[in-house]
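Chain by chain, the residues run as shown.
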Amino acid sequence: MNILITGGTGFIGKNLARILTDRAIRYRVFHSRECDLRNEEQTFAFFRTLDKFDRIIHMAAIQGGGAPEFQKGMAASLVHDNGQIHTNTMEAWRRYQPQAKLIFVGTSCAYPASMSLLYEPDFHQGPVDESVFYYANTKRMADVGLRAYSLQYNLKYVHVIYATPFGPDDYFGDPIRTHVMAALIIKFIKAKEQHEPQVEIWGDGTQIRELLYVDDQIDAMLLAAEHFENEIVNISNGKGYPIREVAEIIRDAVGYRGNLFFNKDRYTGVKHKVLDNKRFIAKTNWKPKYTLKQGIEKTVKWYLLYRNNKIHS
Ligand SMILES: NC(=O)c1ccc[n+]([C@@H]2O[C@H](COP(=O)([O-])OP(=O)(O)OC[C@H]3O[C@@H](n4cnc5c(N)ncnc54)[C@H](OP(=O)(O)O)[C@@H]3O)[C@@H](O)[C@H]2O)c1
């Protein structure tokens, strides 16, 4: 097995590379400096020179959390850059790597916003949430592309839908780009270190999110890559957690003793979002290795070492 990874230098990519190394599976990652997938000429020239791969795991994308400052502030870039990245990658796949099965990394926020339990046949059956309109629709359009390339050129793919992965090497920088787990961990650590009496949590704490430790998310993806073909598959634990519970686990992992303040006036996105994982489990019998608490404890530990320059991302 030899795998080409796009987006291999990001959060999930770095963790994927570590796991493939541990499993002695060959892979190739590249930076956008080596090949900018927005540029068609560069992309074709790069793919042309590569060895033949068995799998392409395509996860290069411009992405960030649901904060309006990011989703609105980057609206046109999300559409333009992601559109180019996916279009060029698919055409380069057809031209230079048609023997490879392409694993496309999708997201649960591309499901219709009106649905709370997300089934694969419903993926295109209604509009996405307004808060992620531009980003989520590029993932939908990529699904259209995958189907088209499979239909016209007989190429093989799997579109895997992630829950919300978290773990080491997640993005802990600018708060407008962070996802919920990193955002909360940063807040609790700051509150503890600066002796703040309370931590503000966006929403009333009842909103349900499906969070999965990154090693489990990647393990599930590698399994799905072998068991599914030319379809969408939800790869998840099928279990959602209220944000209140997530915040309490983080508070304990950080050792913060102040209060939680639930600010109902702040953005929270959709109320309930959990992937139905029956098709995935029926074929693979997959189980996660880490509980939410274990995943959070490992992430907090990693972040403190990383922030204090004890380890490098
Ligand atoms: N993080 C989540 O919560 C989450 C949830 C569901 C799905 N996903 C999906 O999972 C995938 C990976 O997410 P992530 O969190 O690991 O993202 P990330 O940390 O932001 O990394 C993005 C990756 O894409 C690459 N990239 C961006 N623009 C590129 C370009 N023009 N040409 C070549 N490479 C480019 C980046 O390379 P450079 O470093 O060289 O720019 C980087 O390796 C994405 O497709 C995302 O939509 C993520």
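Predicted model only: the values in this text are computed from it and were never measured. Residue positions are given per chain, counting from 1 as you read along its sequence in written order. Side-chain atom pairs in this predicted model are given and counted only at pLDDT of 80 or more, local residue features only at pLDDT of at least 70, and totals for whole chains, interfaces and linings cover all residues. Each side-chain value is worked out from all heavy atoms of the structure, with water and hydrogens disregarded.

Colleague: Please clarify how the overall build of the chain should be interpreted in this entry.
Modeller: The helix count covers DSSP runs of H or I at least four residues long, the strand count covers runs of E at least two residues long, and both are numbered beginning at the N terminus. Summing up its helical and strand segments, the chain has ten helices and 14 strands in all. In this setup the radius of gyration rests on C-alpha atoms only. A globule is expected at 2.2 Å times the number of residues raised to 0.38. The C-alpha atoms of the chain give a radius of gyration of 19 Å, which matches the 20 Å a tight globule of 313 residues would have. Seen through its principal axes, the chain has C-alpha atoms that stretch 60 × 45 × 40 Å. Per-residue burial over the chain gives 51% buried out of 313 residues. The criterion used for residue contact is that any of the two residues' heavy atoms lie within 4.5 Å. Nonlocal contacts in the chain, meaning residues at least 24 apart in sequence, comprise 80% of its contacts between residues at least 6 apart. When the accessible surface of the chain is totalled, it reaches about 14500 Å², and 51% of it is carbon and sulfur. Relative accessible area decides the class of each residue, using a 1.4 Å probe on protein chains only: under 20% of the type maximum gives buried, over 50% gives exposed, and in between gives partly exposed. The method behind every accessible area is Shrake-Rupley, applied with a 1.4 Å probe, and residues are considered shielded solely by the protein chains displayed.

Colleague: Which parts of the structure should I look at to understand the domain arrangement of the chain?
Modeller: How big an interface is tends to be reported as the loss of accessible area on association of its parts. In this document the domain limits rely on a domain assignment from an automatic tool or a database. Split by domain assignment, the chain resolves into domain 1 (2-165 + 210-234) and domain 2 (173-208 + 240-270 + 291-307). Here the C-alpha centroids of domain 1 and domain 2 sit 27 Å apart. For the side of domain 1 that touches domain 2, the elements supplying multiple residues, two or more each, are helix H3 (68-73) and strand E10 (211-213). Residues are sorted three ways: Asp, Glu, Lys and Arg are charged, Ala, Val, Leu, Ile, Met, Phe, Trp, Tyr, Cys and Pro are nonpolar, and all the rest, Gly among them, are polar. Its residues assigned to classes, the side of domain 1 that touches domain 2 shows six nonpolar, five polar and three charged.

Colleague: Any chance you could explain the pairing of strand E1 (residues 2-6) here in plain terms?
Modeller: Within a regular strand, side chains alternate between the sheet's two faces. With respect to burial, E1 is a largely interior element, five of its five residues being buried. The two faces of E1 match: Asn2, Leu4 and Thr6 on one face and Ile3 and Ile5 on the other face are all buried. Seen with the strands pointing away from the viewer, any crossover whose path from the first strand over the helix to the second strand runs clockwise is right-handed. In this fold, E1 hands off to helix H1 (residues 11-22), which returns the chain to strand E2 (residues 26-29); that crossover is right-handed. The rule for pairing is simple: two strands pair if DSSP sees at least two bridges between them. Of the pairings in the sheet, the one linking E1 to strand E3 (residues 55-58) comprises four bridges and is parallel in character. From the neighbouring strand, Ile3 faces E3, where its bridge partner is Arg55.

Colleague: What exactly am I supposed to notice about the sheet that holds E1 here?
Modeller: Hydrogen bonds along the backbone pair up the strands of a sheet, which may run parallel or antiparallel. One open sheet holds the six strands; their spatial order is E2-E1-E3-E4-E6-E11, and the pairing between them is parallel. Edge positions in the sheet fall to E2 and strand E11 (232-234), since each has one partner strand and no second. For this sheet, the mean angle separating the axes of adjacent strands, direction not counted, is 25°. Judged from the four bridges that link them, E1 and E2 form a sheet pairing that is parallel. Residue pairing across strands places Asn2 opposite Arg26, the latter belonging to E2. Seen against the sheet, helix H4 (residues 75-96) touches E1, E3, strand E4 (101-107) and strand E6 (157-162) and runs at an angle of roughly 175° to E3. For helices, the fitted line uses only the C-alpha atoms of the stretch in contact; every axis is such a line through C-alpha atoms, and the angle between N-to-C directions lies from 0 to 180 degrees.

Colleague: Please explain the pattern of salt bridges as it appears in this structure.
Modeller: Side chains carrying opposite charge are able to pair once their charged atoms draw close together. Any carboxyl oxygen of Asp or Glu within 4 Å of a side-chain nitrogen of Lys or Arg constitutes a salt bridge here. Scanning the entire structure with this criterion turns up 18 salt bridges. Salt-bridge contacts for Asp215 lead to Arg18; the nearest nitrogen and oxygen are separated by 2.7 Å. Of the two residues, Asp215 sits in helix H7 (residues 214-227) while Arg18 sits in helix H1, which places them 197 residues apart along the sequence. The partner of Glu193 in a salt bridge is Arg307, with the nearest N and O atoms 2.9 Å apart. Here Arg307 lies in helix H10 (residues 292-307) and Glu193 lies in helix H6 (residues 180-193), a separation of 114 residues in the sequence. Residue class for Glu193 comes out partly exposed when judged on its relative accessible area of 45%.

Colleague: Looking at this structure, I do not really get the site of the ligand. What am I missing?
Modeller: When we say a residue is near a molecule or strand, we mean one of its heavy atoms is within 4 Å of it. With respect to spatial proximity, 27 residues lie near the ligand, and among them Thr9, His31, Ser32, Asp36 and Tyr135 are the closest. For the ligand, an oxygen atom lies 2.9 Å from a polar atom in the backbone of Phe11. Residues adjacent in sequence count toward polar contacts only when both atoms are side-chain atoms; beyond that, a polar contact is any pair of N or O atoms within 3.5 Å, and within protein one must be able to donate a hydrogen and the other to accept it. One of the backbone N or O atoms of Ala61 is found 3.4 Å from an oxygen atom in the ligand. Protein chains shield 88% of the accessible area of the ligand, which is 890 Å² for the free molecule. Listing elements by their share of the shell around the ligand, those giving two or more residues are H1, E4 and helix H5 (133-153). Per-element tally for the shell around the ligand: the top contributor is E4, with three residues.

Colleague: Sorry, what's going on with the packing of aromatic side chains here?
Modeller: Centre distance and the angle of the planes are the two values used to describe a pair of aromatic rings. A pair of aromatic rings is counted whenever rings of Phe, Tyr or Trp (Trp by its six-membered ring) have centres within 6.5 Å, and the orientation is called stacked for planes under 30 degrees apart, edge-to-face for over 60 and tilted otherwise. All chains considered together, the criterion is met by 15 aromatic pairs. Ring plane angle 80° and centroid distance 5.1 Å describe the contact between Phe133 and Tyr134, whose orientation is recorded as edge-to-face. Judged by its relative accessible area of 33%, Tyr134 falls in the partly exposed class. Each ring, one from Phe280 and one from Trp286, has its centre 5.8 Å from the other, and the planes form 45°; the classification is tilted. Three or more aromatic residues link up through ring pairs in this structure, and these residues are Phe172, Trp302, Tyr303 and Tyr306. Over the face of the ring belonging to Tyr153 we find Arg94, whose NZ or CZ atom lies 4.6 Å from the ring centre. Placement of a positive charge over a ring is assigned whenever Lys NZ or Arg CZ falls within 6 Å of the ring centre and within 35 degrees of the normal to the ring plane.

Colleague: Explain unusual backbone geometry to me, please; I cannot follow it from the model alone.
Modeller: Negative phi characterises most residues that are not glycine, and trans characterises most peptide bonds. Even without a glycine there, the phi angle at Asp169 is positive, about 75°. With respect to the secondary-structure elements, Asp169 resides in the loop between strand E7 (164-166) and H6. A positive phi angle is found at Asn230, which is not glycine, with a value near 55°. Following the sequence through the fold, Asn230 ends up in the loop between H7 and E11.

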